[in-house]
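Now for the letters of each chain:
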Amino acid sequence: MGNRTPLYETHVALKARMVDFGGWDMPLHYGSQIEEHHRVRQDAGMFDVSHMTIVDIKGREVRDFLRLLLANDVAKLQTPGRALYSCMLNTNGGIIDDLIVYFLDDTLFRVVANAATRERDLAWIRNSAELFGGLQIVPRDELAMIAVQGPKAKEKVCRALGDPVRPAEKLKPFHSMTVGEIFISTTGYTGEEGFELIMPSQAARDIWEALRERDVAPAGLGARDTLRLEAGMCLYGQDMDETTTPLESGLGWTVAFDPPDRKFIGRDVLEKQRASGAPRTLVGLVLEEKGVLRSRQKVLCEALGDGEITSGGFSPTLNRSIALARVPAGVSPGMRCRVDVRGKLLEARVVKYPFVRNGKSCLA
Amino acid sequence: MSNTPAELKYTKSHEWVRREPDGTVTVGITDHAQELMGDLVYVELPEAGRQVSSGKECAVVESVKAASEVYAPVSGEIVAANTALGDTPELINKDPYGEGWMFKIRPSDPKEIDALLDAAAYEAQVAAEKH
(Lines give C-alpha, C1' and ligand atoms only; values in the text may rest on other atoms or scores of the structure.)
Protein backbone atom coordinates (compact mmCIF):
# COMPACT_ATOMS: atom_id res chain seq x y z
CA MET A 1 0.00 0.00 0.00
CA GLY A 2 1.29 3.42 -0.91
CA ASN A 3 0.84 6.77 0.80
CA ARG A 4 -2.71 8.08 0.75
CA THR A 5 -3.91 11.66 0.51
CA PRO A 6 -6.83 12.92 2.66
CA LEU A 7 -8.99 12.49 -0.46
CA TYR A 8 -8.15 8.82 -1.04
CA GLU A 9 -11.54 7.54 0.15
CA THR A 10 -13.26 10.16 -1.97
CA HIS A 11 -11.48 8.92 -5.11
CA VAL A 12 -12.35 5.32 -4.35
CA ALA A 13 -16.01 6.27 -3.79
CA LEU A 14 -15.94 8.01 -7.20
CA LYS A 15 -14.69 4.73 -8.72
CA ALA A 16 -11.37 6.22 -9.74
CA ARG A 17 -8.79 3.93 -11.26
CA MET A 18 -6.03 4.17 -8.64
CA VAL A 19 -2.35 3.81 -9.56
CA ASP A 20 0.98 4.16 -7.83
CA PHE A 21 2.64 7.49 -8.48
CA GLY A 22 5.96 8.09 -6.74
CA GLY A 23 4.87 5.96 -3.79
CA TRP A 24 1.36 7.47 -3.60
CA ASP A 25 -1.96 5.83 -4.44
CA MET A 26 -3.41 8.40 -6.83
CA PRO A 27 -6.39 8.55 -9.21
CA LEU A 28 -5.40 8.01 -12.86
CA HIS A 29 -8.90 8.80 -14.11
CA TYR A 30 -12.51 8.54 -13.00
CA GLY A 31 -13.80 6.82 -16.14
CA SER A 32 -12.49 8.73 -19.16
CA GLN A 33 -9.21 10.59 -19.19
CA ILE A 34 -10.10 12.35 -22.45
CA GLU A 35 -13.42 13.60 -21.10
CA GLU A 36 -11.67 14.96 -18.00
CA HIS A 37 -9.14 16.67 -20.25
CA HIS A 38 -11.87 18.39 -22.25
CA ARG A 39 -13.71 19.44 -19.10
CA VAL A 40 -10.62 21.31 -17.94
CA ARG A 41 -10.11 22.97 -21.33
CA GLN A 42 -13.76 23.95 -21.68
CA ASP A 43 -15.14 24.42 -18.17
CA ALA A 44 -13.47 23.41 -14.90
CA GLY A 45 -11.81 20.34 -13.45
CA MET A 46 -10.07 19.57 -10.16
CA PHE A 47 -7.06 17.48 -9.28
CA ASP A 48 -6.02 16.12 -5.91
CA VAL A 49 -2.35 17.12 -5.78
CA SER A 50 -1.90 16.61 -2.04
CA HIS A 51 1.06 14.37 -2.79
CA MET A 52 3.13 17.40 -3.79
CA THR A 53 5.85 18.46 -1.37
CA ILE A 54 5.06 21.69 0.50
CA VAL A 55 7.91 23.18 2.50
CA ASP A 56 7.89 26.44 4.42
CA ILE A 57 11.26 28.12 4.90
CA LYS A 58 11.46 30.60 7.75
CA GLY A 59 14.12 32.89 9.07
CA ARG A 60 15.63 36.34 8.74
CA GLU A 61 17.96 35.24 5.96
CA VAL A 62 15.41 33.28 3.96
CA ARG A 63 15.54 35.58 0.93
CA ASP A 64 19.34 35.46 0.72
CA PHE A 65 19.21 31.68 1.08
CA LEU A 66 16.72 31.24 -1.75
CA ARG A 67 18.74 33.57 -3.97
CA LEU A 68 21.59 31.07 -3.59
CA LEU A 69 19.46 27.92 -3.78
CA LEU A 70 17.36 28.70 -6.86
CA ALA A 71 18.29 29.45 -10.46
CA ASN A 72 15.51 32.01 -10.75
CA ASP A 73 15.82 35.08 -8.54
CA VAL A 74 13.38 35.54 -5.65
CA ALA A 75 14.44 39.20 -5.58
CA LYS A 76 11.80 39.51 -8.33
CA LEU A 77 9.19 38.84 -5.64
CA GLN A 78 8.58 42.24 -4.06
CA THR A 79 5.00 42.07 -2.82
CA PRO A 80 3.76 39.41 -0.40
CA GLY A 81 1.84 36.68 -2.20
CA ARG A 82 3.92 36.79 -5.40
CA ALA A 83 5.02 33.43 -6.84
CA LEU A 84 7.90 32.36 -9.08
CA TYR A 85 8.70 29.19 -11.02
CA SER A 86 12.28 28.01 -10.68
CA CYS A 87 14.66 25.11 -11.03
CA MET A 88 16.82 24.01 -8.12
CA LEU A 89 20.20 22.94 -9.49
CA ASN A 90 23.12 20.83 -8.37
CA THR A 91 26.66 22.16 -8.66
CA ASN A 92 26.87 20.80 -12.24
CA GLY A 93 23.83 22.80 -13.30
CA GLY A 94 21.68 19.63 -13.39
CA ILE A 95 18.09 19.98 -12.28
CA ILE A 96 17.36 18.52 -8.82
CA ASP A 97 13.75 19.64 -9.08
CA ASP A 98 11.46 22.31 -10.46
CA LEU A 99 9.19 24.14 -8.07
CA ILE A 100 7.10 27.19 -7.33
CA VAL A 101 8.24 29.51 -4.57
CA TYR A 102 5.88 31.95 -2.84
CA PHE A 103 6.92 35.10 -0.96
CA LEU A 104 4.64 35.25 2.09
CA ASP A 105 6.48 37.73 4.30
CA ASP A 106 10.04 38.88 4.91
CA THR A 107 10.81 35.86 7.05
CA LEU A 108 8.62 33.25 5.36
CA PHE A 109 8.66 31.69 1.88
CA ARG A 110 6.76 28.61 0.76
CA VAL A 111 8.08 26.08 -1.75
CA VAL A 112 5.85 23.62 -3.61
CA ALA A 113 7.92 20.88 -5.25
CA ASN A 114 7.34 17.45 -6.76
CA ALA A 115 6.27 14.39 -4.78
CA ALA A 116 8.74 11.81 -6.08
CA THR A 117 11.73 14.07 -5.35
CA ARG A 118 10.74 14.85 -1.77
CA GLU A 119 13.60 13.26 0.17
CA ARG A 120 16.30 14.40 -2.21
CA ASP A 121 14.87 17.95 -2.19
CA LEU A 122 14.67 18.16 1.59
CA ALA A 123 18.19 16.83 2.03
CA TRP A 124 19.53 19.30 -0.53
CA ILE A 125 17.66 22.26 0.94
CA ARG A 126 18.74 21.41 4.50
CA ASN A 127 22.31 20.86 3.46
CA SER A 128 22.48 24.13 1.51
CA ALA A 129 20.87 26.01 4.41
CA GLU A 130 23.72 25.14 6.74
CA LEU A 131 25.64 28.19 5.55
CA PHE A 132 22.84 30.36 6.91
CA GLY A 133 22.12 30.79 10.57
CA GLY A 134 18.79 29.94 12.08
CA LEU A 135 16.75 28.91 9.05
CA GLN A 136 13.82 26.61 9.71
CA ILE A 137 12.91 24.11 7.00
CA VAL A 138 9.38 22.90 7.72
CA PRO A 139 7.68 20.24 5.53
CA ARG A 140 3.94 20.84 5.74
CA ASP A 141 2.69 17.26 5.44
CA GLU A 142 -0.51 18.13 7.30
CA LEU A 143 -1.68 20.21 4.34
CA ALA A 144 -3.71 19.03 1.37
CA MET A 145 -3.73 20.58 -2.09
CA ILE A 146 -6.39 20.76 -4.80
CA ALA A 147 -5.75 22.29 -8.23
CA VAL A 148 -8.89 23.71 -9.85
CA GLN A 149 -8.27 24.53 -13.49
CA GLY A 150 -10.20 25.70 -16.53
CA PRO A 151 -11.88 28.81 -17.93
CA LYS A 152 -14.63 28.62 -15.31
CA ALA A 153 -12.43 27.43 -12.45
CA LYS A 154 -11.93 30.74 -10.66
CA GLU A 155 -15.58 31.69 -10.82
CA LYS A 156 -16.69 28.27 -9.58
CA VAL A 157 -14.21 28.23 -6.71
CA CYS A 158 -15.33 31.67 -5.59
CA ARG A 159 -18.97 30.65 -5.67
CA ALA A 160 -18.31 27.34 -3.91
CA LEU A 161 -16.23 28.84 -1.12
CA GLY A 162 -18.27 31.99 -0.59
CA ASP A 163 -17.77 35.74 -0.32
CA PRO A 164 -14.51 35.87 1.65
CA VAL A 165 -12.79 34.18 -1.30
CA ARG A 166 -14.19 36.64 -3.90
CA PRO A 167 -11.10 38.90 -3.98
CA ALA A 168 -9.08 35.92 -5.27
CA GLU A 169 -10.97 36.10 -8.56
CA LYS A 170 -9.06 39.31 -9.33
CA LEU A 171 -5.60 37.87 -8.63
CA LYS A 172 -3.25 38.00 -11.62
CA PRO A 173 -1.30 34.87 -12.61
CA PHE A 174 1.41 33.82 -10.13
CA HIS A 175 -0.10 35.61 -7.15
CA SER A 176 -1.56 34.21 -3.97
CA MET A 177 -3.55 35.15 -0.91
CA THR A 178 -4.66 33.49 2.29
CA VAL A 179 -8.33 33.44 3.20
CA GLY A 180 -8.97 31.90 6.60
CA GLU A 181 -7.34 28.51 6.51
CA ILE A 182 -7.11 28.33 2.71
CA PHE A 183 -4.06 29.41 0.74
CA ILE A 184 -5.13 30.33 -2.80
CA SER A 185 -2.73 30.82 -5.70
CA THR A 186 -3.20 31.54 -9.38
CA THR A 187 -0.84 28.82 -10.54
CA GLY A 188 -1.31 25.49 -12.25
CA TYR A 189 -0.05 22.85 -14.62
CA THR A 190 -2.61 22.83 -17.43
CA GLY A 191 -2.22 26.02 -19.50
CA GLU A 192 -5.62 27.21 -18.28
CA GLU A 193 -6.58 29.80 -15.73
CA GLY A 194 -7.36 28.57 -12.27
CA PHE A 195 -6.30 28.19 -8.71
CA GLU A 196 -4.25 25.88 -6.61
CA LEU A 197 -5.74 25.62 -3.13
CA ILE A 198 -3.73 24.54 -0.10
CA MET A 199 -5.69 23.73 3.05
CA PRO A 200 -5.53 21.68 6.25
CA SER A 201 -6.08 17.99 5.48
CA GLN A 202 -9.32 17.81 7.44
CA ALA A 203 -10.84 20.59 5.29
CA ALA A 204 -9.99 18.93 1.97
CA ARG A 205 -13.04 16.71 1.69
CA ASP A 206 -15.54 19.51 2.35
CA ILE A 207 -13.88 21.77 -0.19
CA TRP A 208 -13.81 18.94 -2.76
CA GLU A 209 -17.53 18.30 -2.19
CA ALA A 210 -18.39 22.01 -2.38
CA LEU A 211 -16.61 22.15 -5.76
CA ARG A 212 -18.42 19.03 -6.93
CA GLU A 213 -21.71 20.72 -6.15
CA ARG A 214 -20.64 23.53 -8.52
CA ASP A 215 -20.07 20.88 -11.18
CA VAL A 216 -16.28 21.00 -11.12
CA ALA A 217 -15.22 17.68 -12.67
CA PRO A 218 -12.80 15.42 -10.77
CA ALA A 219 -9.79 14.83 -13.04
CA GLY A 220 -6.96 12.36 -12.59
CA LEU A 221 -3.24 12.28 -13.17
CA GLY A 222 -3.84 11.02 -16.72
CA ALA A 223 -5.59 14.22 -17.78
CA ARG A 224 -3.07 16.24 -15.80
CA ASP A 225 -0.33 14.73 -17.98
CA THR A 226 -2.02 15.34 -21.35
CA LEU A 227 -2.96 18.88 -20.27
CA ARG A 228 0.56 19.79 -19.17
CA LEU A 229 2.03 18.27 -22.34
CA GLU A 230 -0.29 20.38 -24.52
CA ALA A 231 0.70 23.38 -22.40
CA GLY A 232 4.37 22.57 -23.12
CA MET A 233 5.22 22.23 -19.44
CA CYS A 234 8.09 19.96 -18.47
CA LEU A 235 7.59 16.96 -16.21
CA TYR A 236 10.40 16.34 -13.77
CA GLY A 237 12.07 12.96 -14.19
CA GLN A 238 10.88 12.71 -17.76
CA ASP A 239 11.75 15.94 -19.61
CA MET A 240 14.52 16.94 -17.26
CA ASP A 241 16.53 15.55 -14.37
CA GLU A 242 19.92 15.89 -12.73
CA THR A 243 21.72 15.10 -16.00
CA THR A 244 20.15 17.99 -17.90
CA THR A 245 20.47 21.73 -17.37
CA PRO A 246 17.64 24.27 -17.72
CA LEU A 247 19.30 25.49 -20.94
CA GLU A 248 18.90 22.01 -22.44
CA SER A 249 15.32 21.75 -21.20
CA GLY A 250 13.69 24.81 -22.71
CA LEU A 251 13.88 26.47 -19.31
CA GLY A 252 16.53 29.10 -20.02
CA TRP A 253 13.88 31.75 -19.37
CA THR A 254 13.67 30.63 -15.74
CA VAL A 255 17.37 31.20 -15.08
CA ALA A 256 18.11 34.73 -13.81
CA PHE A 257 21.64 35.57 -14.96
CA ASP A 258 21.01 39.17 -13.91
CA PRO A 259 22.24 40.63 -11.66
CA PRO A 260 25.61 39.17 -12.71
CA ASP A 261 26.97 39.21 -9.18
CA ARG A 262 24.27 36.95 -7.72
CA LYS A 263 25.81 33.62 -6.88
CA PHE A 264 23.45 30.68 -7.24
CA ILE A 265 24.20 26.98 -7.17
CA GLY A 266 25.05 25.77 -10.67
CA ARG A 267 25.71 29.24 -12.05
CA ASP A 268 29.32 28.59 -13.17
CA VAL A 269 28.35 25.65 -15.34
CA LEU A 270 25.36 27.46 -16.83
CA GLU A 271 27.49 30.52 -17.64
CA LYS A 272 29.89 28.33 -19.61
CA GLN A 273 27.08 26.49 -21.33
CA ARG A 274 25.42 29.77 -22.24
CA ALA A 275 28.70 31.10 -23.69
CA SER A 276 29.48 27.99 -25.75
CA GLY A 277 25.86 27.16 -26.56
CA ALA A 278 24.00 24.20 -25.09
CA PRO A 279 24.63 21.07 -27.21
CA ARG A 280 21.00 19.97 -26.96
CA THR A 281 17.68 21.72 -26.91
CA LEU A 282 14.07 20.84 -26.16
CA VAL A 283 11.59 21.25 -29.02
CA GLY A 284 7.97 20.46 -29.69
CA LEU A 285 6.97 17.82 -32.27
CA VAL A 286 3.67 17.33 -34.04
CA LEU A 287 3.17 13.95 -35.69
CA GLU A 288 1.98 14.38 -39.27
CA GLU A 289 0.81 10.81 -39.61
CA LYS A 290 -1.45 8.60 -37.57
CA GLY A 291 0.11 7.01 -34.53
CA VAL A 292 1.25 8.05 -31.10
CA LEU A 293 4.63 9.45 -30.09
CA ARG A 294 5.95 8.09 -26.80
CA SER A 295 8.86 8.95 -24.53
CA ARG A 296 12.24 7.34 -25.37
CA GLN A 297 11.46 7.02 -29.10
CA LYS A 298 14.36 8.05 -31.32
CA VAL A 299 14.11 11.28 -33.33
CA LEU A 300 16.11 11.51 -36.57
CA CYS A 301 17.03 15.08 -37.52
CA GLU A 302 18.92 14.40 -40.77
CA ALA A 303 22.42 15.92 -40.79
CA LEU A 304 22.05 17.42 -37.32
CA GLY A 305 21.93 14.02 -35.67
CA ASP A 306 19.56 12.08 -33.47
CA GLY A 307 17.50 13.03 -30.47
CA GLU A 308 14.95 11.45 -28.21
CA ILE A 309 11.36 12.08 -27.23
CA THR A 310 11.13 12.95 -23.54
CA SER A 311 7.32 13.18 -23.31
CA GLY A 312 4.94 12.04 -25.99
CA GLY A 313 1.29 11.30 -26.24
CA PHE A 314 -2.03 12.02 -27.78
CA SER A 315 -3.35 15.56 -27.63
CA PRO A 316 -7.12 15.45 -27.11
CA THR A 317 -7.45 19.13 -28.02
CA LEU A 318 -5.52 18.84 -31.31
CA ASN A 319 -6.69 15.27 -31.97
CA ARG A 320 -3.19 14.18 -32.99
CA SER A 321 0.01 13.12 -31.35
CA ILE A 322 2.45 15.66 -29.93
CA ALA A 323 5.74 15.40 -28.05
CA LEU A 324 8.58 17.19 -26.37
CA ALA A 325 11.95 15.98 -27.63
CA ARG A 326 15.54 16.64 -26.69
CA VAL A 327 17.43 17.11 -29.96
CA PRO A 328 20.80 18.43 -31.15
CA ALA A 329 21.21 22.22 -31.04
CA GLY A 330 20.25 23.73 -34.37
CA VAL A 331 17.01 21.83 -34.76
CA SER A 332 14.38 24.56 -34.83
CA PRO A 333 10.68 25.14 -35.48
CA GLY A 334 9.65 24.66 -39.10
CA MET A 335 12.08 21.80 -39.68
CA ARG A 336 10.94 18.26 -40.24
CA CYS A 337 12.21 15.11 -38.64
CA ARG A 338 11.34 11.45 -38.43
CA VAL A 339 10.52 9.40 -35.37
CA ASP A 340 11.21 5.70 -35.01
CA VAL A 341 7.89 4.23 -33.87
CA ARG A 342 8.29 0.47 -33.48
CA GLY A 343 10.65 0.32 -36.42
CA LYS A 344 8.61 2.55 -38.71
CA LEU A 345 9.85 6.07 -39.48
CA LEU A 346 6.99 8.55 -39.10
CA GLU A 347 7.09 12.17 -40.28
CA ALA A 348 6.93 14.89 -37.65
CA ARG A 349 7.14 18.66 -37.73
CA VAL A 350 9.25 20.65 -35.26
CA VAL A 351 7.13 23.36 -33.63
CA LYS A 352 7.28 25.97 -30.92
CA TYR A 353 5.44 25.02 -27.77
CA PRO A 354 3.02 25.46 -25.96
CA PHE A 355 0.81 23.49 -28.30
CA VAL A 356 -2.38 24.70 -26.59
CA ARG A 357 -3.05 27.75 -24.44
CA ASN A 358 -6.36 28.78 -22.84
CA GLY A 359 -8.29 26.19 -24.78
CA LYS A 360 -6.91 27.21 -28.19
CA SER A 361 -4.39 25.59 -30.50
CA CYS A 362 -1.11 27.52 -30.81
CA LEU A 363 -0.08 25.66 -33.98
CA ALA A 364 0.28 27.73 -37.11
CA MET B 1 -17.28 -5.35 -13.38
CA SER B 2 -16.33 -6.08 -16.96
CA ASN B 3 -18.44 -8.00 -19.35
CA THR B 4 -17.42 -11.46 -20.68
CA PRO B 5 -20.00 -12.90 -23.12
CA ALA B 6 -20.40 -16.66 -22.66
CA GLU B 7 -20.63 -17.45 -26.40
CA LEU B 8 -17.10 -16.19 -27.19
CA LYS B 9 -13.66 -17.75 -26.85
CA TYR B 10 -10.75 -15.92 -25.22
CA THR B 11 -6.96 -15.80 -25.01
CA LYS B 12 -4.71 -15.23 -22.03
CA SER B 13 -3.53 -12.04 -23.76
CA HIS B 14 -7.08 -10.57 -23.63
CA GLU B 15 -8.34 -11.08 -27.17
CA TRP B 16 -11.83 -12.43 -27.80
CA VAL B 17 -12.77 -14.70 -30.73
CA ARG B 18 -16.19 -15.24 -32.34
CA ARG B 19 -16.88 -18.09 -34.77
CA GLU B 20 -18.78 -16.82 -37.80
CA PRO B 21 -21.12 -18.97 -39.95
CA ASP B 22 -18.77 -18.61 -42.96
CA GLY B 23 -15.96 -20.39 -41.12
CA THR B 24 -13.96 -17.25 -40.32
CA VAL B 25 -13.40 -15.85 -36.82
CA THR B 26 -13.80 -12.27 -35.70
CA VAL B 27 -11.25 -10.94 -33.18
CA GLY B 28 -11.20 -8.00 -30.80
CA ILE B 29 -9.93 -7.09 -27.34
CA THR B 30 -12.00 -7.80 -24.26
CA ASP B 31 -13.98 -5.37 -22.19
CA HIS B 32 -11.53 -5.99 -19.37
CA ALA B 33 -8.59 -5.10 -21.65
CA GLN B 34 -10.13 -1.86 -22.91
CA GLU B 35 -10.95 -0.88 -19.33
CA LEU B 36 -7.34 -1.44 -18.28
CA MET B 37 -6.00 0.57 -21.20
CA GLY B 38 -8.29 3.57 -20.86
CA ASP B 39 -9.33 5.81 -23.76
CA LEU B 40 -8.00 4.39 -27.04
CA VAL B 41 -6.60 6.88 -29.53
CA TYR B 42 -4.97 4.81 -32.26
CA VAL B 43 -5.23 1.34 -33.73
CA GLU B 44 -2.83 -0.32 -36.18
CA LEU B 45 -4.57 -3.14 -38.04
CA PRO B 46 -3.23 -6.01 -40.17
CA GLU B 47 -3.91 -5.87 -43.90
CA ALA B 48 -6.21 -8.33 -45.59
CA GLY B 49 -4.26 -11.19 -47.13
CA ARG B 50 -1.58 -11.26 -44.47
CA GLN B 51 -0.76 -14.65 -42.94
CA VAL B 52 -0.68 -14.61 -39.17
CA SER B 53 0.43 -17.22 -36.64
CA SER B 54 -1.26 -17.87 -33.34
CA GLY B 55 0.38 -16.10 -30.43
CA LYS B 56 2.25 -13.68 -32.71
CA GLU B 57 1.74 -9.92 -32.68
CA CYS B 58 -0.52 -8.76 -35.50
CA ALA B 59 -2.02 -5.40 -34.39
CA VAL B 60 -1.37 -2.57 -31.96
CA VAL B 61 -3.80 -0.55 -29.87
CA GLU B 62 -2.66 2.70 -28.31
CA SER B 63 -4.45 4.43 -25.48
CA VAL B 64 -3.73 7.81 -23.93
CA LYS B 65 -1.52 5.82 -21.58
CA ALA B 66 0.46 3.32 -23.61
CA ALA B 67 0.76 1.08 -26.65
CA SER B 68 -0.22 -2.60 -26.40
CA GLU B 69 0.22 -5.44 -28.82
CA VAL B 70 -2.67 -7.54 -30.01
CA TYR B 71 -1.85 -11.18 -30.79
CA ALA B 72 -3.42 -13.47 -33.35
CA PRO B 73 -5.50 -16.01 -31.36
CA VAL B 74 -5.26 -18.56 -34.19
CA SER B 75 -3.14 -19.01 -37.31
CA GLY B 76 -4.56 -18.21 -40.71
CA GLU B 77 -5.17 -15.47 -43.23
CA ILE B 78 -6.50 -12.02 -42.40
CA VAL B 79 -9.66 -11.58 -44.50
CA ALA B 80 -10.90 -8.23 -43.17
CA ALA B 81 -10.00 -5.42 -40.80
CA ASN B 82 -12.31 -2.90 -39.16
CA THR B 83 -11.24 0.25 -40.95
CA ALA B 84 -13.79 2.34 -38.99
CA LEU B 85 -11.33 2.15 -36.10
CA GLY B 86 -8.92 4.37 -38.05
CA ASP B 87 -10.97 7.47 -37.30
CA THR B 88 -12.89 6.22 -34.28
CA PRO B 89 -10.69 3.96 -32.15
CA GLU B 90 -12.98 4.79 -29.20
CA LEU B 91 -15.46 2.26 -30.67
CA ILE B 92 -13.36 -0.34 -28.84
CA ASN B 93 -14.04 1.41 -25.53
CA LYS B 94 -17.72 1.82 -26.26
CA ASP B 95 -18.54 -1.54 -27.77
CA PRO B 96 -15.60 -3.96 -27.51
CA TYR B 97 -17.56 -7.03 -28.70
CA GLY B 98 -19.60 -5.27 -31.38
CA GLU B 99 -18.58 -2.23 -33.39
CA GLY B 100 -15.15 -2.37 -31.79
CA TRP B 101 -14.15 -5.64 -33.52
CA MET B 102 -10.65 -5.50 -34.99
CA PHE B 103 -10.07 -8.12 -37.70
CA LYS B 104 -11.28 -11.42 -39.18
CA ILE B 105 -9.12 -14.49 -39.73
CA ARG B 106 -9.76 -17.55 -41.91
CA PRO B 107 -8.19 -20.16 -39.60
CA SER B 108 -5.80 -22.65 -41.18
CA ASP B 109 -6.57 -25.13 -38.40
CA PRO B 110 -10.06 -24.72 -36.88
CA LYS B 111 -9.06 -27.03 -34.02
CA GLU B 112 -7.01 -24.11 -32.64
CA ILE B 113 -10.28 -22.37 -31.80
CA ASP B 114 -11.38 -25.21 -29.52
CA ALA B 115 -8.17 -24.90 -27.55
CA LEU B 116 -8.90 -21.27 -26.58
CA LEU B 117 -10.28 -20.29 -23.15
CA ASP B 118 -14.01 -20.26 -22.52
CA ALA B 119 -15.61 -17.32 -20.70
CA ALA B 120 -15.34 -18.92 -17.25
CA ALA B 121 -11.66 -19.74 -17.68
CA TYR B 122 -10.94 -16.22 -18.95
CA GLU B 123 -12.76 -14.64 -16.02
CA ALA B 124 -10.81 -16.84 -13.62
CA GLN B 125 -7.59 -15.64 -15.21
CA VAL B 126 -8.62 -11.98 -14.92
CA ALA B 127 -9.53 -12.50 -11.28
CA ALA B 128 -6.16 -14.14 -10.65
CA GLU B 129 -4.33 -11.20 -12.28
CA LYS B 130 -6.00 -8.80 -9.88
CA HIS B 131 -4.39 -10.51 -6.87
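Quick caveat, the model's predicted, so the values are computed rather than measured. (Residues numbered from 1 in each chain as written. Chains lettered and ligands numbered in written order. Predicted model: local features only at pLDDT ≥ 70, side-chain atom pairs only at ≥ 80, totals over all residues.)

Peer 1: Would you mind showing me how to read the overall build of chain A here?
Peer 2: For chain A, the count of helices and strands is eight helices and 21 strands. Radius of gyration (C-alpha) of chain A: 20 Å, near the 21 Å computed for a compact globule of 364 residues. Residues counted as buried form 47% of the 364 residues belonging to chain A. Contacts in chain A between residues far apart in sequence, at least 24 positions, make up 68% of those at least 6 positions apart. (Helix = DSSP H or I, 4+ residues; strand = E, 2+ residues; numbered from the N terminus. Rg over C-alpha atoms; globule rule 2.2 N^0.38 Å. Buried ≥ 20, exposed ≤ 12 C-beta atoms within 10 Å, placed from the backbone. Contact = placed C-beta atoms within 7 Å.)

Peer 1: Any chance you could explain the nonpolar core here in plain terms?
Peer 2: The nonpolar side chains of a soluble globular protein tend to be buried, and buried together. Ranked by size, the top nonpolar core spans 72 residues in total, and within it A:Val101, A:Phe109, A:Met145, A:Ile146, A:Val148 and A:Leu197 carry the most contacts. A total of seven residues in this core trace back to one element, the largest contributor, which is strand 6 (residues 95–105) of chain A. Those residues in contact with A:Phe109, other than ones at most four positions away along the chain, are A:Ile57, A:Val62, A:Leu66, A:Val74, A:Val101, A:Tyr102, A:Phe103 and A:Leu104. In this structure, A:Leu282, A:Leu324, A:Cys337 and B:Tyr10 belong to the second largest nonpolar core, which totals 58 residues. (Core = buried A, V, L, I, M, F, W, Y, C linked by C-beta atoms within 7 Å.)

Peer 1: Got a minute to help me understand the interface of chain A and chain B in this structure?
Peer 2: The partner chain B presents eight residues to the 12 residues of chain A that form the contact. Contributions of two or more residues to the side of chain A that touches chain B are made by helix 2 (33–42), helix 7 (221–230) and strand 16 (306–315) of chain A. Taken together, the residues that form the side of chain A that touches chain B break down as three nonpolar, seven polar and two charged. (Nonpolar A, V, L, I, M, F, W, Y, C, P; charged D, E, K, R; others polar.)

Peer 1: Help me understand the sheet that holds strand 5 (residues 83–89) of chain A in this model?
Peer 2: Note on sheets: strands pair through backbone hydrogen bonds, and any given pair is parallel or antiparallel. Residues and elements named next belong to chain A. The strand order 5-6-7-4-8 describes an open sheet built from five strands, whose pairing is antiparallel. Since the sheet does not close on itself, it has two edges, and those belong to strand 5 and strand 8 (136–139), each with one partner. Strand-to-strand twist of the sheet, defined as the mean angle between neighbouring strand axes without regard to direction, takes the value 30°. In this structure, strand 6 lies alongside strand 7 (residues 108–113), joined through six bridges in antiparallel fashion. (Pairing = 2+ DSSP bridges. Axes fitted to C-alpha atoms, helices over the stretch in contact; angles between N-to-C directions.)

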